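Structural features, examined
For reference, the chains in residue letters:
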Amino acid sequence: MPAYQVFNRTTGDSFTCNGDQSVLKAMELVGKKCVPVGCRGGGCGFCKIRVVEGDFECGKMSKVHVPPEALAQGEVLACRIYPQADLTIECVPQPVDAIVEQATRAKQTTQQDR
Ligand code: FES
């Protein structure tokens, strides 16, 4: 089974994922998990990520957590996608550190504008 590179745009990390391995499993194996893990079966929605670029196969996912309009924008559950090419992903929701950093940057920008 071919192996693909997955680049996480949120964290700046890359890791290898086999085509028959879920992106969540590959993240966990290299210790680069950026989303919470729950059911591992596409039902809880905890492991939501966004695929920005690249092809993948998708297993069954809860439509409550990934409605068709979200799927059309690349939102998927990491436990249910299998890469078929190199992928670029983002974490959804983003880790707390990224949210704090964005808020700090926005505050600094606002203060500089005064
Ligand atoms: S861990 Fe529950 S949907 Fe992925």
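Going by the structure above, here's the rest.
So, here's what we can say about the structure. (Residues numbered from 1 in each chain as written. Predicted model: local features only at pLDDT ≥ 70, side-chain atom pairs only at ≥ 80, totals over all residues.)

1. Concerning the pairing of strand β3 (residues 48-53)
- Looking at chain direction, β3 and strand β5 (residues 75-77) are connected through three bridges and run antiparallel. If you follow R50 over to β5, its bridge partner there is E75.
- The sheet contact formed by β3 and strand β7 (residues 87-91) spans four bridges and is antiparallel. Bridging across to β7, E53 finds its partner in T88. (Pairing = 2+ DSSP bridges. Helix = DSSP H or I, 4+ residues; strand = E, 2+ residues; numbered from the N terminus.)

2. Examining the sheet that holds β5
- With respect to topology, five strands assemble into an open sheet ordered β2-β1-β7-β3-β5, the strand pairing being mixed. One side of each edge strand has no neighbouring strand; the edge strands of this open sheet are β2 (14-18) and β5. The mean angle between the axes of side-by-side strands here comes to 40°, regardless of whether they run parallel or antiparallel.
- As judged from the five bridges shared by strand β1 (residues 3-8) and β2, these two strands associate in the antiparallel manner. Bridging across to β2, Y4 finds its partner in C17. (Axes fitted to C-alpha atoms, helices over the stretch in contact; angles between N-to-C directions.)

3. Side note on the nonpolar core
- Grouped together as the largest cluster of nonpolar side chains are 22 residues, with contacts concentrated most on V6, V23, C47, I49 and A78.
- Secondary-structure elements contributing two or more residues to this core are β1, α1 (23-29), β3, β5 and β7.
- No other element matches the four residues that α1 contributes to this core. (Core = buried A, V, L, I, M, F, W, Y, C linked by C-beta atoms within 7 Å. Buried ≥ 20, exposed ≤ 12 C-beta atoms within 10 Å, placed from the backbone.)

4. Quick notes on the pairing of β1
- Two successive antiparallel strands, β1 and β2, enclose a turn made up of five residues, where G12 displays a positive phi of approximately 80°.
- Of the strand pairs in this sheet, β1 and β7 are connected by three bridges, and their pairing is parallel. Within β7, the position partnered with F7 by the bridge is T88.

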